[in-house]
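# Observations on the model geometry
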Amino acid sequence: MTDKSEFKRKSEQAFAALQGAVSDAIERKRRLGQYWVVWDGEKPVEVYPENAVDRPAAE
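For the structure given in this document, a descriptive report is provided here.

Thresholds, definitions, all that
Residues numbered from 1 in each chain as written. Predicted model: local features only at pLDDT ≥ 70, side-chain atom pairs only at ≥ 80, totals over all residues. Heavy atoms only, no water. Helix = DSSP H or I, 4+ residues; strand = E, 2+ residues; numbered from the N terminus. Buried < 20%, exposed > 50% of the residue type's maximum accessible area, 1.4 Å probe, protein only. Areas by Shrake-Rupley, 256 points an atom, 1.4 Å probe, with all protein chains shown as cover. Salt bridge = Lys/Arg side-chain N within 4 Å of Asp/Glu carboxyl O. Polar contact = N/O pair within 3.5 Å; in protein donor to acceptor, adjacent residues only side chain to side chain.

### Details of the overall build of the protein chain
A count of helices and strands for the protein chain gives one helix and three strands. For the protein chain, the sequential pattern of α-helices and β-strands runs α-β-β-β. By residue count, 8% of the 59 residues in the protein chain fall in the buried class. Carbon and sulfur atoms provide 56% of the accessible area of the protein chain, an area that totals close to 5,100 Å².

Okay, structure coming up:
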């Protein structure tokens with residue numbers, strides 16, 4: 001059985017890996033001029049590299 005500190009360490013490593021992967025994907029999309037979708041707390045929102053147009057993703 002894994003103790004709580006080991007579980008916490010592994011979950012923090014997994015979370016950091018996911019954050020890194022998402023950051024890399026967003027940066028790649030930004031460089032390519034593509035939009036990405038984020039959750040604003042209420043609904044998904046399309047984000048464009050220049051932030052010229054932000055709108056709900058599903059209308």
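### Details of the pattern of salt bridges
Counted by the stated rule, this structure contains five salt bridges. Measuring nitrogen to oxygen at the nearest pair gives 3.7 Å for the salt bridge that ties K10 to E6. Pair noted here: K10 and E6 are both in helix 1 (residues 4-32), with a separation of four residues, about one helical turn. Taking the relative accessible area as the measure of exposure, K10 reaches 46% and is therefore partly exposed. Of the charged contacts, one joins K43 and D40 as a salt bridge, the two residues approaching to 3.1 Å between their closest N and O atoms. Classification of D40 by relative accessible area gives partly exposed; the value is 42%. In this structure, a network of salt bridges that share partners links the residues E6, R9 and K10.

### Looking at the side chain of E46
Structurally, E46 can be placed in strand 2 (residues 44-47). Under the relative-accessibility criterion, E46 is labelled buried at 8%. Of note is the side chain of E46, whose polar atom sits 2.7 Å from the side chain of Y48.

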